[in-house]
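Below are the chains, spelled out letter by letter.
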Amino acid sequence: MAQRPLDIGIIGTRGIPANYGGFETFAEQLATRLCEGGHRVTVYGRSRFVNRQLALYRGVRIRVLPAVPHKYLETVSHTALSVLAALFAGHDIALICNAANAFLAGIPQLAGQRVVLNLDGIERQRRKWGLAGRAYYRLGEFLATQLPDAAVADARCIQEYYWQEFGAPTRFIAYGTVEGPLNGRAALDRLKLNPREYLLYVSRLEPENNAHLVIEAYLASGVALPLVVVGDAPYGRRYIRRLQRLAARGNVLLPGAIYGRAYRELLSHCLCFVQATEVGGTHPALVEAMGSACLVLVNDTPENREVVGETALVYPFNDSVALARLMEAVSSSPESYRDLRDAAAARAHEAYDWNRVVSQYEALFYELADTLGE
């Protein structure tokens, strides 16, 4: 007997179409693919990021709600409104993103909905949070083990963290990537770039993502090819000004945030992709770079090593001197690393395929939905 379609609400992201970060790309890929499979899906978005007039996107219902535009309140204020709205939406499943929202996970359950929480990384380790912020996120981690019906980690090391800290089991479901590079180069033309003649860094521009370290390493490397630093951060103006001052010392482009096809074109044609993050679980940009057959230079963290396996050039943790040497080596002999590009693409296809990821979420949703009414 065929299983009935489910009604699913996705809460806690900025909304779709994705125009910010990994949670938004995750929401778009998951929601649209679930809709293609016959499910009814609603994504709750923030009015700063999603057109209020948008009611439907690729089959996904869009519910746009306001949020307090403040560094510490935007996420939780919007999620609070969303879970209240979800109470009356008739969802079978509420998927809430970000452990910061864990304290709200009990609300959809009041309407008989099953709740899944996507944990992301260890957010309290980010430098932008003060003592109160770190304490709040620590509480969120604990509540993530208590309130939702299931918690999902997208990295084995995050799964292990929750087991070691709280003795709590979590589900492992990886992040995904779209397979294969693109041939188009409109994004390159706009930035006056040539294929395989630029180095690429992509991330939210926050200190622990180390864009400053990447620029410093590039300046020290003596590489003549341009470095393209893609990203933005709504509450990071001071840090971005620091990056702009550094960039002015060399051939560094800061085009801001780039999404969609243009983003994939930049990945597809770069000489190498630098992953310098030091906090978080599976980093979407890293998985997407591998899926686009990039040569990856990666900061040595357990999370990054888990993703790349033996398919990347790894430099010691936050070592800008070592990173500069790698940049120089790659620029001097790019063809020497063709095998790593191919290996990265193969690993992405094997371990980080969106269709497989969505199938695993669907299976989890059905498992929980089967307990409705118990």
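Criteria and thresholds
Residues numbered from 1 in each chain as written. Predicted model: local features only at pLDDT ≥ 70, side-chain atom pairs only at ≥ 80, totals over all residues. Heavy atoms only, no water. Buried < 20%, exposed > 50% of the residue type's maximum accessible area, 1.4 Å probe, protein only. Helix = DSSP H or I, 4+ residues; strand = E, 2+ residues; numbered from the N terminus. Pairing = 2+ DSSP bridges. Phe/Tyr/Trp six-rings, centres within 6.5 Å; stacked < 30°, edge-to-face > 60°. Right-handed = clockwise from strand over helix to strand, strands pointing away. Axes fitted to C-alpha atoms, helices over the stretch in contact; angles between N-to-C directions. Parallel < 35°, antiparallel > 145°, perpendicular 65-115°, else oblique. Left-handed = near helix turned anticlockwise from the far one by under 90°. Contact = heavy atoms within 4.5 Å.

**Describing helix α9 (residues 284–291)**
Burial of α9 is extensive: 8 of the 8 residues sit out of reach of the surface. Residues of α9 that are buried include every one of Pro 284, Ala 285, Leu 286, Val 287, Glu 288, Ala 289, Met 290 and Gly 291, and no others. Ala 293 sits one or two residues past α9 and shows a positive phi near 60 degrees.

**Side note on the sheet that holds strand β4 (residues 60–65)**
With mixed pairing, 8 strands are arranged side by side in an open sheet as β3-β4-β2-β1-β5-β6-β7-β8. Every other strand in the sheet has two partners, leaving β3 (56–57) and β8 (171–172) as the edge strands with one partner each. As paired elements, β3 and β4 share 2 bridges and run antiparallel to each other. Paired with Tyr 57 across the strands is Val 60, a residue of β4.

**Some thoughts on the packing of aromatic side chains**
How two aromatic rings sit relative to each other is set out by the distance from centre to centre and by the angle between their planes. Using the criterion set out here, one finds 8 aromatic pairs in the structure. Taking 6.3 Å as the distance between ring centres and 75 degrees as the angle between the ring planes, the aromatic pair formed by Phe 103 and Tyr 136 counts as edge-to-face. With Phe 103 in the loop between β5 (93–97) and β6 (114–118) and Tyr 136 in helix α3 (residues 131–144), this residue pair connects regions lying 33 residues apart in the sequence. Ring geometry for Tyr 161 versus Tyr 162: centroids 5.4 Å apart, planes at 85 degrees, classification edge-to-face. A relative accessible area of 15% means that Tyr 161 is categorised as buried.

**Quick notes on the pairing of strand β1 (residues 7–11)**
The buried fraction of β1 is high, at 5 of 5 residues. Taking every second residue as pointing to the same face, both faces of β1 are buried, with Asp 7, Gly 9 and Ile 11 on one and Ile 8 and Ile 10 on the other. Bridge count between β1 and strand β2 (residues 40–46): 4 bridges; the pairing is parallel. Directly across from Asp 7, in β2, lies its bridge partner Arg 40. The parallel pair β1 and β2, bridged by helix α1 (residues 22–36), forms a crossover whose chirality is right-handed. Where β1 lies against β5, 4 bridges are found, and the strand directions are parallel.

**Notes on the packing of helix α6 (residues 211–221) against helix α11 (residues 320–332)**
One can describe the packing of α6 onto α11 by two numbers: an axis separation of 8 Å at closest approach and a directional angle of 55 degrees. Considering their axes alone, α6 and α11 lie oblique with respect to each other. By crossing handedness, the relation of α6 to α11 is classed as right-handed. For the pair α6 and α11, contact is made by Leu 213, Val 214, Ala 217, Tyr 218, Ala 220 and Ser 221 and by Ser 320, Leu 323, Ala 324, Met 327 and Glu 328, respectively.

**Some details on the pairing of strand β9 (residues 199–202)**
The alternating pattern of β9 places Leu 199 and Tyr 201 and Leu 200 and Val 202 on opposite faces, both of which are buried. Bridge count for β9 against strand β10 (residues 227–230) is 4 bridges, and the pairing is parallel. Within β10, the residue paired with Leu 200 across the bridge is Val 228. In this fold, β9 hands off to α6, which returns the chain to β10; that crossover is right-handed.

**Focus on the environment of Ser 82**
Along the chain, the position of Ser 82 falls in helix α2 (residues 74–86). Sequence separation of Ser 82 and Ala 135 is 53 residues, and the distance between their C-alpha atoms is 24 Å. Ignoring anything within four residues of it in the chain, the contact list for Ser 82 reads Ile 11, Tyr 44 and Leu 65.

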